[in-house]
Amino acid sequence: MRKLIIGNWKMNGLSSDLDEIGKIAEGIAEFSDRVEVMLCPPMTLLERAAARCRGSDLKFCGQNCHFDPRGSHTGEVSAEMLADAGASAVLVGHSERRIDSSEDHDMVRLKAEAARRANIIPIICIGESEHERESGYPVETVMYSLRVSVPDGSPSHVVVGYEPAWAIGTGRTPMEDDIATMHAHIRRGLIDRFGESGRLVRVLYGGSLNLKNADGILAIPDVDGGLVGGASLKAESFLAVIAAAA
Ligand code: 3PY
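The rules behind the values
Residues numbered from 1 in each chain as written. Predicted model: local features only at pLDDT ≥ 70, side-chain atom pairs only at ≥ 80, totals over all residues. Heavy atoms only, no water. Pairing = 2+ DSSP bridges. Helix = DSSP H or I, 4+ residues; strand = E, 2+ residues; numbered from the N terminus. Axes fitted to C-alpha atoms, helices over the stretch in contact; angles between N-to-C directions. Salt bridge = Lys/Arg side-chain N within 4 Å of Asp/Glu carboxyl O. Buried < 20%, exposed > 50% of the residue type's maximum accessible area, 1.4 Å probe, protein only. Expected span 1.5 Å × (residues − 1). Near = heavy atom within 4 Å. Polar contact = N/O pair within 3.5 Å; in protein donor to acceptor, adjacent residues only side chain to side chain. Nonpolar A, V, L, I, M, F, W, Y, C, P; charged D, E, K, R; others polar. Contact = heavy atoms within 4.5 Å.

Description of the sheet that holds strand 4 (residues 89-92)
Then, in step 1: Taken in spatial order, the 8 strands line up as 1-2-3-4-5-6-7-8 and close into a barrel, and their pairing is parallel. Taking the axes of each pair of neighbouring strands and ignoring which way they run, one obtains an average angle of 25° across the sheet.
Then, in step 2: Summarising the sheet, strand 6 (residues 159-162) and strand 7 (residues 202-206) pair through 4 bridges and their orientation is parallel. Looking at strand 7, one finds that Tyr 162 is bridged to Tyr 205.

A few points about the pattern of salt bridges
Pairing is possible between side chains of opposite charge, provided their charged atoms come close.
Then, in step 1: For the structure on display, the rule yields 18 salt bridges.
Then, in step 2: Measuring nitrogen to oxygen at the nearest pair gives 2.9 Å for the salt bridge that ties Asp 222 to Arg 187. Here Asp 222, found in the loop between helix 9 (214-218) and strand 8 (225-228), pairs with Arg 187, found in helix 8 (residues 176-194); they are 35 residues apart in sequence, far enough to count as distant.
Then, in step 3: The class for Asp 222 is partly exposed, based on a relative accessible area of 28%.
Then, in step 4: The class of Arg 187 is buried, set by a relative accessible area of 7%.
Then, in step 5: Taken together, the salt bridges that share partners define one network made up of Arg 2, Glu 36, Lys 59 and Arg 202.

Digging into helix 8
Then, in step 1: Across its 19 residues, helix 8 extends 27 Å between first and last C-alpha, which sits within 8% of the 27 Å expected from 1.5 Å per residue.
Then, in step 2: Those residues of helix 8 that fall on the buried side of the exposure criterion are Ile 179, Met 182, His 183, Ile 186, Arg 187, Gly 189, Leu 190, Ile 191 and Phe 194.
Then, in step 3: Two residues or fewer past helix 8, Gly 195 is found with a positive phi of approximately 70°.

As for the site of the ligand
Then, in step 1: Taken together, Asn 8, Lys 10, His 94, Glu 163, Ile 168, Gly 169, Gly 207, Ser 208, Leu 227 and Gly 229 are the residues near the ligand.
Then, in step 2: Within the contact set of the ligand, an oxygen atom lies 2.8 Å away from a side-chain nitrogen or oxygen of His 94.
Then, in step 3: Classifying every residue of the shell around the ligand by side-chain character gives 2 nonpolar, 6 polar and 2 charged.

Describing the pairing of strand 8
Then, in step 1: Side chains Gly 225 and Leu 227 project from strand 8 onto one buried face, and the interleaved Gly 226 and Val 228 project onto a second face that is buried too.
Then, in step 2: Here 4 bridges tie strand 1 (residues 3-8) to strand 8, and the two strands are oriented parallel to one another. Across the sheet, the residue bridging to Leu 4 is Gly 225, located in strand 8.
Then, in step 3: Relative to strand 8, strand 7 runs parallel, the two sharing 2 bridges. Bridged to Gly 206 within strand 8 is Leu 227.

What to know about the environment of Pro 69
Then, in step 1: The residue Pro 69 is located in the loop between strand 3 (59-62) and helix 3 (79-85) in this model.
Then, in step 2: Between the C-alpha atoms of Pro 69 and Ala 115, which are 46 residues apart in sequence, the distance is 9.3 Å.
Then, in step 3: With near-sequence residues (within four places) excluded, Pro 69 lies in contact with Ser 78 and Glu 80.

The structure is reproduced here in structure tokens:
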């Protein structure tokens, strides 16, 4: 299985950054047989970025979607619209959305189902908060989010992102052993629920993944790739993380 690396630009990126996206698209060519790469630019750049990189191996991903295909939801975007703009996937349930927009597991599952209906891949993010970690039950918390956030039905074309919320944008990362334990639990949870197909679901690590820690984290068993925040904003550092996955 090829590793999957996804760059999450969050609320960063103007038209002047399209050249940087072009550099990423050119730079990944040498890794394409070993690593699949997606980028989540802001919505305002998605269509132009996808058009500019057409013909390259770089795929595009939305950062969020609504669970309805269309309707009276001012300011929202549907999975269908993302597909129409050139996205092959969408992040659902990123911890920043769970915190800023009070998204719960049920809503995340509805969004994941909407993505599947629109034929794009839901990247379903789960992970414990600092408080949940300190309460002593981070595994139970993450396993519960996995159960409720991931829809029933075939898990093919579903990706799970394990992102401890306390590691997002903080520069802190869990110990490698803790990442290994959590990923092993997630894998077991997927197999218990989906049988052998649970082995084929890619489980990514996200949370302050950068060029310094990528080698170690991406070598952990059951870490099938990564979600990269700040380090994906520049082609040079993003390509260094991609090289670590290759
Ligand atoms: C981060 O590492 O900051 C992320 O949010 C990745 O999705």
